[in-house]
Amino acid sequence: MAIRNAVYKNETRMCEKMLKVPFVDLKEQYEEIKGDVSSGINEVLGRCDFILGAKVREFEHEFSSYCGVKYASGVASGTDALHLALKALGIGEGDEVITQANTFIATVLAISYTGATPVLIDIDPETCNMDTSKLERAVTEKTKAILPVHLYGQTAEMDKVSETAARHNLFVVEDACQAHGAYYHGAKGVRRAGALGDVAAFSFYPGKNLGAYGDGGALTTENPEIFEKIRLLRDYGQAEKYHHVVKGYNSRLDTLQAAVLLVKLKHLDKWNRLRVSHAIRYTELLGGIPEIKLPKFKKNEKSAHVFHLFVVRVEERDGLIEFLNGRNISTGIHYPVPAHMHEAFRDLGYKKGVFPVTEKYSEEILSLPMFPELRDEQIMHVTTAIREFYGR
Ligand SMILES: *Cc1c(COP(=O)(O)O)cnc(C)c1O
């Protein structure tokens, strides 16, 4: 019996050893949609309408109705989407835009590109989204907009953001780059990310919940004037070919990428539901370990969290990462350096210690593998390894 147990244990070890859990796996998803992607791309190749072609218009139409808004415009990236959103609102030098200290750096960069000053605030310790209780104090007479990020795939507290914005006559720009398909249950009913502010920015970076096979982005809005400005700004500022009414940019969604996105958009809800079910599974399997804090979320059918990332907080993070690496498990940190601590933003003049939650969390947060095709045995492999590391 003892021998058989030993043999059994060895075999499981070996299996575990071979089982690999990448942080994100795009290949498996590609296998699922390969045929449709090829025919979509071939259609574009057949027409050679590479710049602002038919697939771009079709995707913009589908994506706006998916988000529940009138207009969508495809652009070259999520960063550009944020930048053009702010430009379309007329934001520039001398203005201030409020956003959060824990976000991907592109949020803050986009504000800087316009010449405006990014004003950062701390994050809510429960959700890691903007701490809206800090909003009011951050508003000055220079403030033009609030830029909440639906971080990790969970919609920000938009009712609070909208209240503050209305009180001070500010614009609201959503950074929805991690939250395609996430819902918000608020005063105006249940709406999707992209339909919660004056204008929203999406990224289609390959690893996002809706990802292209290259760079891409989009803006969504209900406002026809904002929409018209974005159309100009993304296409050299031309109202007609070679007639330039504003100093615009070259930032268009590639037609080949639009063909990929059209295929993937049809699967997005299913893929998001799978992400949520993986999050629930992680939560079940990691419950009751004191060294690990799990993200809190409501299990609504119209989920407010689409788990672009599954972010836990842990003790002894470096040791755990190394241990998991040894078990073929890849992890990430989103983000290891808070926005205000980057050398690039030293000119903003923030000192260490100003955003205690963001700073503390930057040393504790750990993103576990998360993608729709994650298999249960892979989740088990991750959670078993974590339990083992803490001796639980
Ligand atoms: C990915 C991301 C961006 C930037 O998108 P790109 O398409 O990579 O330019 C901006 N903000 C957040 C929160 C993101 O996650």
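Residues numbered from 1 in each chain as written. Predicted model: local features only at pLDDT ≥ 70, side-chain atom pairs only at ≥ 80, totals over all residues. Heavy atoms only, no water.

Undergrad: Would you mind going over the overall build of the protein with me for this structure?
TA: Of the regular secondary structure elements, the protein holds 13 helices and 14 strands. What you see for the protein is a C-alpha radius of gyration of 22 Å, in line with the 21 Å of a compact globule of 392 residues. A principal-axis box enclosing the C-alpha atoms of the protein has dimensions of 85 × 55 × 40 Å. The buried share of the protein, reckoned over its 392 residues, is 53%. Residue pairs in contact within the protein that sit at least 24 positions apart in sequence constitute 73% of those at least 6 positions apart. Accessible area of the protein: about 18,100 Å², with a carbon and sulfur share of 53%. Taking the 49 positively charged and 52 negatively charged side chains of the protein as two groups, their mean positions are separated by 2 Å. (Helix = DSSP H or I, 4+ residues; strand = E, 2+ residues; numbered from the N terminus. Rg over C-alpha atoms; globule rule 2.2 N^0.38 Å. Buried < 20%, exposed > 50% of the residue type's maximum accessible area, 1.4 Å probe, protein only. Contact = heavy atoms within 4.5 Å. Areas by Shrake-Rupley, 256 points an atom, 1.4 Å probe, with all protein chains shown as cover. Lys, Arg positive; Asp, Glu negative; His and termini not counted. Charge placed at Lys NZ, Arg CZ, Asp CG, Glu CD.)

Undergrad: What is the right way to read the domain arrangement of the protein from this model?
TA: Interfaces are often sized by the amount of accessible area the parts lose when they come together. Once the domains are mapped, the protein shows domain 1 (11–20 + 268–389) and domain 2 (30–265). If you average the C-alpha positions of domain 1 and of domain 2, the two centres end up 25 Å apart. Each partner contributes residues to the interface: domain 1 has 34 residues there, and domain 2 has 41 residues. Summed over both partners, the interface of domain 1 with domain 2 comes to about 3,200 Å²; 58% of that surface belongs to carbon and sulfur atoms. (Domains from an automatic or database assignment. Buried area = accessible area lost by both parts, 1.4 Å probe.)

Undergrad: Mind showing me how you'd approach the site of the ligand here?
TA: Taken together, 15 residues lie around the ligand, and Gly78, Thr79, Gln178, Ser203 and Lys208 are the ones closest in. Backbone polar atom of Gly78 to an oxygen atom of the ligand: 2.8 Å apart, as the coordinates give it. Measuring from an oxygen atom of the ligand, one finds a side-chain N or O atom of Ser203 at 2.6 Å. The protein chains hide 92% of the 380 Å² of surface that the ligand would expose on its own. Take the shell around the ligand: its biggest share by element is three residues, from helix α4 (residues 78–88). Classifying every residue of the shell around the ligand by side-chain character gives five nonpolar, eight polar and two charged. (Near = heavy atom within 4 Å. Polar contact = N/O pair within 3.5 Å; in protein donor to acceptor, adjacent residues only side chain to side chain. Nonpolar A, V, L, I, M, F, W, Y, C, P; charged D, E, K, R; others polar.)

Undergrad: Can you help me understand unusual backbone geometry in this one?
TA: Along the chain, His334 connects to Tyr335 via a cis peptide bond; the corresponding omega equals 15°. Here Tyr335 shows up in the loop between α11 (317–326) and α12 (356–361). Its identity is not glycine, yet Tyr242 carries a phi of approximately 70°, on the positive side. Along the chain, Tyr242 turns up in the loop between β10 (238–240) and β11 (243–244). Judged by its relative accessible area of 63%, Tyr242 is exposed.

Undergrad: What is the right way to read the environment of Val139 from this model?
TA: Mapped onto the elements of the fold, Val139 is located in the loop between α6 (135–138) and β4 (143–146). Given the relative accessible area of 15%, Val139 is considered buried. Once you skip the residues sitting within four places of it in the chain, Val139 turns out to touch Ile98, Thr164, His168 and Leu170.

Undergrad: What's the story with the pattern of salt bridges in this structure? I'm lost.
TA: Side chains that differ in sign of charge can pair as their charged atoms come close. This structure, assessed with the given rule, holds 23 salt bridges. With its nearest N and O atoms 3.9 Å apart, the salt bridge here joins Glu222 to Lys70. Placement of Glu222 in the loop between β9 (217–221) and α8 (224–233) and of Lys70 in the loop between α3 (54–67) and β1 (71–75) is noted, with a sequence separation of 152 residues between them. With its nearest N and O atoms 2.8 Å apart, the salt bridge here joins Arg252 to Asp235. With Arg252 in the loop between β11 and α9 (255–265) and Asp235 in the loop between α8 and β10, this residue pair connects regions lying 17 residues apart in the sequence. What makes Arg252 buried here is its relative accessible area of 17%. (Salt bridge = Lys/Arg side-chain N within 4 Å of Asp/Glu carboxyl O.)

Undergrad: Sorry, what's going on with the sheet that holds strand β2 (residues 96–100) here?
TA: What links the strands of a sheet is backbone hydrogen bonding, and the strands pair in either a parallel or an antiparallel sense. Within the open sheet, the seven strands sit side by side as β1-β9-β8-β5-β4-β2-β3. Their pairing is mixed. The two strands at the open ends of the sheet, each matched to only one other strand, are β1 and β3 (117–121). Across this sheet, the average inter-strand angle for adjacent strands is 25°, counted without regard to direction. Taken together, the five bridges between strand β8 (residues 199–203) and β9 define a ladder with antiparallel strand orientation. When the sheet's bridge partners are listed, Phe202 is paired in β9 with Ala218. Together, β1, β8 and β9 form the strand contacts of α3, whose direction differs from that of β1 by roughly 130°. (Pairing = 2+ DSSP bridges. Axes fitted to C-alpha atoms, helices over the stretch in contact; angles between N-to-C directions.)

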